[in-house]
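# What the coordinates show
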Amino acid sequence: MSGMNNQDRLRRVEKLWKLLSEPSRALPKQAVYERVEEHFADDIHGVAVLFEFLVRSSEVRFACDVYRRHRNDFEKDEQARTLYLDYILAEVKRLTEDEPAINVPPLLTSEDEFGPSEGCVSLKQLGLTEKSAVYISGADRKIVDTAFEKLLAANAIALEVKWVPRIGGRARVSLLQVATRNETYLFDYKGVVKNNEALEFGSRFSGVLNSRRITKVVFDFDETYDILIADNFGNYYLKDISNVLDLRYDKKVNPNGKRTTKALVEEVFGYNLDQIEKLSYWDRRPLRKAQLHYAALETILYLQIHDKFFQKREYR
């Protein structure tokens, strides 16, 4: 946002916060802050202003979340590092010391690691490794071929999507997660759409989704469908999807439809699911290791929940 100074940015934050907090919108506070943060996704100065606004507003958890997700950006940008980093580090330290009950991970010492916060379920705990998260940019046909061979051989897959909210507009799809029991294929959405003709991605993905033999395990399919169908490309491969099992609304899994993914994982397995990366800015590349871990873990857990409630089938 060239031409803006930090006073302008602060006025923009305050205006957006007030606008999105109007009772008529019925947005939870987390959704308000998420949308304001997305507005400054490509402006590290705006992120710093948002951090200070959240500190002044006593929104401790949200302020710490902002720091954690943008830590690398502050360290890489020389001007931002000089202007803001010492202040932000001091504030995060003060906030986490003063209010330990918020259970914020040790932000000052944590690096970008392939895993969750301490004490939370991980792929390693499930017997899987970093290789279980297969990131596909869309540039390598061989990797895509292997992914679809394994997806078509499975009796069940899990489907999820990561997207970026847009104030005043439709969500923008960023990452498509499709998992077997042992791998999650993380398709860079822009990459596969851009290379669709060469990869035959749309037609092959349609083959997976339209197969009545393959169970598609999702959580809140209505939301996933609406996000993908808003994109013209999604309109193409989703039109004949079949055999969908929605963990949110299935009466056997979620009788009243009120259990979230986190609650299901905790109640079914006793795992604590760290979801701090769920609200990451998923459009920035490269994705961090912690983001890749969460995206892979989430969908594999969907399949584990499915197996817990339904007769386990043989997966190939």
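The text that follows walks through the structure, step by step, so that each part is easy to find. Every value quoted in this text rests on a predicted model; they were computed, and no experiment measured them.

## Comments concerning the nonpolar core
- By size, the foremost hydrophobic cluster in this structure holds 32 residues, and its most contacted members are Val121, Leu126, Leu247, Leu264, Leu273, Leu297 and Leu301.
- Elements that contribute at least two residues to this core include exactly strand S2 (156-164), strand S3 (172-179), helix H12 (261-269) and helix H13 (289-309).
- Among the elements that make up this core, the one with the highest residue count is H13 (10 residues).
- In this structure Leu247 touches Val217, Val218, Phe219, Val253, Asn254, Leu264, Tyr302 and Ile305, once residues within four positions along its chain are discounted.
- Formed by 31 residues, the second largest nonpolar core is a distinct cluster that contains Val32, Ala48, Leu50 and Phe74.

## A few points about the packing of helix H2 (residues 29-39) against helix H4 (residues 60-76)
- As a packed pair, H2 and H4 sit with axes 11 Å apart at the nearest point and diverge in direction by 35°. Taken as a pair, H2 and H4 cross one another with a handedness that is right-handed. Taking contact as the criterion, the partners of Lys29, Gln30, Tyr33 and Glu37 in H2 are, on H4, Phe62, Asp65, Val66, Arg69 and His70.
- Classifying every residue of the contact of H2 with H4 gives three nonpolar, two polar and four charged.

## Quick notes on the environment of Phe114
- Counting through the fold element by element, Phe114 comes out in the loop between helix H5 (78-98) and strand S1 (133-136).
- Considering only alpha carbons, one finds Phe114 and Lys124, 10 residues apart in sequence, at a separation of 9.7 Å.
- Apart from residues lying up to four places away in sequence, Phe114 is in contact with Leu123, Thr129, Glu130, Ala133, Lys289, Leu292 and His293.

## Thoughts on the side chain of Thr180
- Summarising the element assignment, Thr180 is placed in the loop between S3 and strand S4 (184-188).
- Apart from the residues within four sequence positions on either side, Thr180 is in contact with Lys150, Leu151, Ala154, Tyr185, Ile300 and Leu303.

## Observations regarding the side chain of Glu298
- With respect to the helices and strands, Glu298 occurs in helix H13.
- Contact partners of Glu298, with chain neighbours within four places excluded, come to Glu160, Lys162, Gln177 and Lys278.

## Some thoughts on the sheet that holds S4
- The sheet built from six strands is open, its strands ordered S1-S4-S3-S2-S5-S6 with mixed pairing. Edge strands, defined here as strands with exactly one partner in the open sheet, are S1 and strand S6 (244-246). Strand-to-strand twist of the sheet, defined as the mean angle between neighbouring strand axes without regard to direction, takes the value 25°.
- Bridging between S2 and strand S5 (residues 215-218) involves three bridges; their strand directions are parallel. Paired with Ala158 across the strands is Val217, a residue of S5.
- Those strands touched by helix H6 (residues 141-153) are S1, S2, S3 and S4, and its axis lies near 135° from that of S4.

## Comments concerning the pattern of salt bridges
- Here the structure, examined in full by the defined rule, presents 16 salt bridges.
- Residue Glu183 pairs with Lys150 through a salt bridge whose shortest N-O separation is 3.5 Å. Remark: Lys150 occurs in helix H6 and Glu183 occurs in the loop between S3 and S4; sequence separation between them is 33 residues.
- Via salt bridges that share partners, Arg141, Asp145, Glu200 and Arg204 belong to a single interconnected network.

## Quick notes on the environment of Val32
- Position of Val32 among the secondary structure elements: in helix H2.
- Through-space distance from the C-alpha of Val32 to that of Ser21 is 6.6 Å; in sequence the pair is 11 residues apart.
- Non-local contacts of Val32, meaning those with residues more than four positions away in its chain, are made with Trp17, Leu20, Ser21 and Leu27.

So, how was this worked out
- Residues numbered from 1 in each chain as written.
- Predicted model: local features only at pLDDT ≥ 70, side-chain atom pairs only at ≥ 80, totals over all residues.
- Heavy atoms only, no water.
- Core = buried A, V, L, I, M, F, W, Y, C linked by side-chain atoms within 4.5 Å.
- Buried < 20%, exposed > 50% of the residue type's maximum accessible area, 1.4 Å probe, protein only.
- Helix = DSSP H or I, 4+ residues; strand = E, 2+ residues; numbered from the N terminus.
- Contact = heavy atoms within 4.5 Å.
- Axes fitted to C-alpha atoms, helices over the stretch in contact; angles between N-to-C directions.
- Left-handed = near helix turned anticlockwise from the far one by under 90°.
- Nonpolar A, V, L, I, M, F, W, Y, C, P; charged D, E, K, R; others polar.
- Pairing = 2+ DSSP bridges.
- Salt bridge = Lys/Arg side-chain N within 4 Å of Asp/Glu carboxyl O.

These results come straight from atomic positions and should not be treated as a statement about function.
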